Amino acid sequence: MKVALVSYEVYPFAKVGGLADVVGALPKYLKKFSVEPIVIMPKHKIVEKNAEKFSYSLRKIKEGISLPYLKTDEKFDIYQTFIPGTQIPVYLIGNDYYFSAEQVYEGPDLAEQAIYFSAAVFEALKVLREKVDVLHINDWQTGLVPVYLKTLYKDDEFFSKTVVLLTIHNLGYQGIFDSSYMNFSGLPDYLYNIDGIEFYGKINFLKGGILFSDVINTVSPTYAQEIQTKEYGEKLDGVLRLRSSDLYGILNGIDYEEYNPETDKRIYVNYSLQEIEKKYENKKMLQKELNLPQTNDVPVIGMITRLVDQKGLDILSEVLRYILNMDVQFVLLGTGDKKYEEMFKEIEKEFPDKMSANITFDIVLAQKIYASSDMFLMPSRYEPCGLGQMYSLRYGTIPVVRYTGGLADTVMEYDEETMKGNGFGFKEYDSAYLLKAVARAVDFFKNKKGHWKKLIENALKTDLSWERSANEYVKIYNKALNKRR
Ligand SMILES: Nc1ncnc2c1ncn2[C@@H]1O[C@H](COP(=O)(O)OP(=O)(O)O[C@H]2O[C@H](CO)[C@@H](O)[C@H](O)[C@H]2O)[C@@H](O)[C@H]1O
């Protein structure tokens, strides 16, 4: 079975968030289940910049390809590279006008960029003579791929057996744009309809993906249920309920080779369950690097996140000062909304010995924080899967989370009686419960050393590998293929 994973971000070539990690890792594991994966992404400017850092090279293999249906004369080239350490080909759509901004989600016009990329997938596959069974698309940027397939490419022999799986990594981002883009896309006008891609007087790319894909999944079972409700449905719950018999939840895995405390070169000192004291050497080095007092008596609470409302920053802002009045240190790494960046900077000034606010994007520092912290905070309003808590568990760092979406599927409240569970959390989205959960974790760290050790052991033993998830993906690829047979 040949599968093309289509994504606007892929690690290590261009990463903004968790989407990149998933599409960068999944193909490696699909291979173990006899799937032949290829990857298609835009050649963002950052892809060239990252080449040296991650030791890959880019080779131009085709050039000057036009898009027959779009209202543009812009042509694209195809570059090729491989997922590092593998033979898995990555094809990059290169166009200087659309994909040369400094940041992945910048550029002349994000709607046109996404349309251009989605349409280019078809022409690229034809030029490359890559006949794929499944187009595995990801998030709104690729939502129009199945719409093109089932309309303008419907009678194209080359794609007559191709099916589409849409993975929704985050329903909060849908790609809602002015209806005038219908014209640019070249898609038939009848699609601008409530049963098509029209959405409250605009067009919605993700809605197109949901309606036109053969099978859909989200990145955790709980989130797959939640998004069919009004509370989490982001106005697409009705459309999702319509597709509920084709909607699955598959928990993401994490890349166990890339994220391994025993071998990770980005952290200060490697460690394992057998040498857990070395985790504390990391902690001391991080404290030093970030100018915090070097001590093991005080728990370090880490947080690495895009600074957006989704991540629970509003309830955190209500109680962060209370948290810092406990005997703790708090290390934040994140970028995003200015109001949150400023808030953390402000609080850092108030608590210079306790708070370190790092408003930057830094993959190496992220790793050091995952390894060195005692706890990892993720009080999300909603969380499709969440990778942060999984990386923490892998590094023996205890997650404190709101039990929603994938957080509810991966973190289990610690039970003193049975000594089962790998973290702490709260259900209701309310700052008082957040504070209580943090206080409970701090109490265990300080006063219940035996239990804390057991927590670390349970965290390190949690199975979050991709193998199981890759197997699930193969099952739903087959479900999609059965629809066309
Ligand atoms: N400033 C910074 N510096 C370095 N690294 C940083 C960083 N800010 C964030 N990161 C990294 O970006 C990733 C974030 O992944 P998450 O899954 O936690 O959230 P995100 O909302 O981006 O992903 C969405 O897609 C993923 C993938 O499906 C879902 O798990 C998730 O729920 C959904 O919201 C982590 O690897 C984190 O370490």
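Residues numbered from 1 in each chain as written. Predicted model: local features only at pLDDT ≥ 70, side-chain atom pairs only at ≥ 80, totals over all residues. Heavy atoms only, no water.

**Observations regarding the UniProt feature "binding site: ADP-alpha-D-glucose" (unreviewed entry) in the protein**
Here's step 1: In this structure's numbering, the residues bearing the UniProt feature "binding site: ADP-alpha-D-glucose" (unreviewed entry) are Lys15.
Here's step 2: Inspection of the secondary structure assignment puts Lys15 in the loop between strand 1 (2–6) and helix 1 (18–30).
Here's step 3: Those residues in contact with Lys15 that sit more than four places away from it in its chain are Glu9, Ala20, Asp21, Tyr259 and Phe361.
Here's step 4: Here Asp21 takes part through its side chain, which lies 2.8 Å from a polar atom of the side chain of Lys15. (UniProt positions renumbered as here; feature names shortened; annotations may be inferred. Helix = DSSP H or I, 4+ residues; strand = E, 2+ residues; numbered from the N terminus. Contact = heavy atoms within 4.5 Å. Polar contact = N/O pair within 3.5 Å; in protein donor to acceptor, adjacent residues only side chain to side chain.)

**Some details on the packing of aromatic side chains**
Here's step 1: By the definition in use, this model includes 29 aromatic pairs.
Here's step 2: An aromatic cluster of three or more residues is present, and its members are Tyr8, Phe76, Tyr97, Tyr98, Phe99, Tyr105, Tyr116 and Phe117.
Here's step 3: Directly above the ring of Tyr256 sits Arg394, whose terminal nitrogen or CZ lies 3.9 Å from the centroid. (Phe/Tyr/Trp six-rings, centres within 6.5 Å; stacked < 30°, edge-to-face > 60°. Lys NZ or Arg CZ within 6 Å of the ring centre and 35° of its normal.)

**Things to note about the domain arrangement of the protein**
Here's step 1: You can read the domains of the protein as domain 1 (2–253 + 467–484) and domain 2 (273–464).
Here's step 2: Of note, the centres of domain 1 and domain 2, computed from C-alpha atoms alone, are 32 Å apart.
Here's step 3: For the pairing of domain 1 and domain 2, the buried interface totals around 1600 Å² over both sides, and the portion due to carbon and sulfur atoms is 56%.
Here's step 4: The tally of links from domain 1 across to domain 2 stands at 0 salt bridges.
Here's step 5: Our enumeration of links across domain 1 and domain 2 arrives at 11 residue pairs in polar contact (both at pLDDT 80 or more).
Here's step 6: Those elements giving two or more residues to the side of domain 1 that touches domain 2 turn out to be helix 1 and helix 7 (221–226).
Here's step 7: Here the element with the most residues in the side of domain 1 that touches domain 2 is helix 7; it accounts for 4 residues.
Here's step 8: Of the residues that constitute the side of domain 1 that touches domain 2, the class distribution is 8 nonpolar, 8 polar and 5 charged. (Domains from an automatic or database assignment. Buried area = accessible area lost by both parts, 1.4 Å probe. Salt bridge = Lys/Arg side-chain N within 4 Å of Asp/Glu carboxyl O. Nonpolar A, V, L, I, M, F, W, Y, C, P; charged D, E, K, R; others polar.)

**Observations concerning the pairing of strand 15 (residues 355–358)**
Here's step 1: Residues Met355 and Ala357 of strand 15 are buried on one face, and the alternating residues Ser356 and Asn358, pointing to the opposite face, are buried as well.
Here's step 2: In this sheet, strand 15 lies alongside strand 14 (residues 329–336) in parallel orientation, the contact comprising 4 bridges. The residue of strand 15 that forms the bridge with Val331 is Ser356.
Here's step 3: With helix 11 (residues 338–350) bridging strand 14 and its parallel neighbour strand 15, the resulting β-α-β unit is right-handed. (Buried < 20%, exposed > 50% of the residue type's maximum accessible area, 1.4 Å probe, protein only. Pairing = 2+ DSSP bridges. Right-handed = clockwise from strand over helix to strand, strands pointing away.)

**Focus on the sheet that holds strand 18 (residues 424–426)**
Here's step 1: Read across the open sheet, the 6 strands follow the order 15-14-13-16-17-18; overall the sheet is parallel. Sheet topology places strand 15 and strand 18 at the edges, where each strand pairs with a single neighbour. Strand-to-strand twist in this sheet, taken as the mean axis angle between neighbours without regard to direction, amounts to 15°.
Here's step 2: Pairing of strand 13 (residues 300–307) with strand 16 (residues 375–378), which is carried by 2 bridges, proceeds in the parallel orientation. Paired with Gly302 across the two strands is Phe376, which belongs to strand 16.
Here's step 3: Where helix 11 meets the sheet, its contacts fall on strand 13, strand 14 and strand 15, and the angle it forms with strand 15 comes to roughly 150°.
Here's step 4: Contacting strand 16, strand 17 (398–402) and strand 18, helix 16 (residues 449–461) runs over the sheet at an angle of about 80° to strand 17. (Axes fitted to C-alpha atoms, helices over the stretch in contact; angles between N-to-C directions.)

**Details of the side chain of Gln113**
Here's step 1: Its location among the elements puts Gln113 in helix 3 (residues 110–127).
Here's step 2: Beyond its immediate sequence surroundings of up to four residues, Gln113 is in contact with Tyr8, Tyr98, Phe99, Glu106, Gly107 and Pro108.

**Focus on the site of the ligand**
Here's step 1: Among the 30 residues in the neighbourhood of the ligand, the closest are listed as His169, Arg306, Tyr370, Glu383 and Gly386.
Here's step 2: In the model, an oxygen atom of the ligand is placed 3.1 Å from a nitrogen or oxygen of the Gly18 main chain.
Here's step 3: A distance of 2.9 Å is found between an oxygen atom of the ligand and a backbone nitrogen or oxygen belonging to Leu387.
Here's step 4: Elements that contribute at least two residues to the shell around the ligand include exactly helix 1, strand 13, strand 14, helix 12 (363–372) and helix 13 (388–394).
Here's step 5: With 4 residues, the single largest contributor to the shell around the ligand is helix 1.
Here's step 6: Across the shell around the ligand, the residue classes break down as 13 nonpolar, 11 polar and 6 charged.
Here's step 7: Counting contributing residues per domain, the shell around the ligand is built from domain 1 (2–253 + 467–484) and domain 2 (273–464), each supplying no fewer than three. (Near = heavy atom within 4 Å.)

**Here's the deal with the pattern of salt bridges**
Here's step 1: Counted under the stated rule, the structure contains 33 salt bridges.
Here's step 2: The shortest N-O distance in the salt bridge between Arg381 and Asp314 comes to 2.9 Å. Remark: Asp314 occurs in helix 10 (residues 313–324) and Arg381 occurs in the loop between strand 16 and helix 13; sequence separation between them is 67 residues.
Here's step 3: For the salt bridge of Glu457 with Lys454, the shortest nitrogen-to-oxygen distance reads 3.7 Å. Taken as a pair, Glu457 and Lys454 lie in helix 16 at a separation of 3 residues, close to a single helical turn.
Here's step 4: On the basis of relative accessibility, which here comes to 24%, the residue Glu457 falls in the partly exposed class.
Here's step 5: What makes Lys454 partly exposed here is its relative accessible area of 23%.

**Quick look at helix 15 (residues 431–447)**
Each turn of an α-helix holds 3.6 residues, which means side chains three or four residues apart point in the same direction.
Here's step 1: Taking 1.5 Å of rise per residue, the 17 residues of helix 15 would be expected to cover 24 Å, and the 24 Å separating its terminal C-alpha atoms lies within 8% of that figure.
Here's step 2: Along helix 15, the residues that are buried comprise Ser431, Leu434, Ala437, Val438, Ala441, Val442, Phe444 and Phe445. Along helix 15, the residues classed as buried sweep out an arc of 160° about the axis, all on the same side. Projecting away from the buried face of helix 15 at angles above 90 degrees are the exposed residues Lys436 and Asn447. (Expected span 1.5 Å × (residues − 1). Arc of directions from axis to C-beta.)

**Focus: the environment of Ser55**
Here's step 1: Position of Ser55 among the secondary structure elements: in the loop between helix 2 (45–53) and strand 3 (59–65).
Here's step 2: Spatially, the C-alpha atom of Ser55 lies 23 Å from that of Glu36, the residues being 19 residues apart in sequence.

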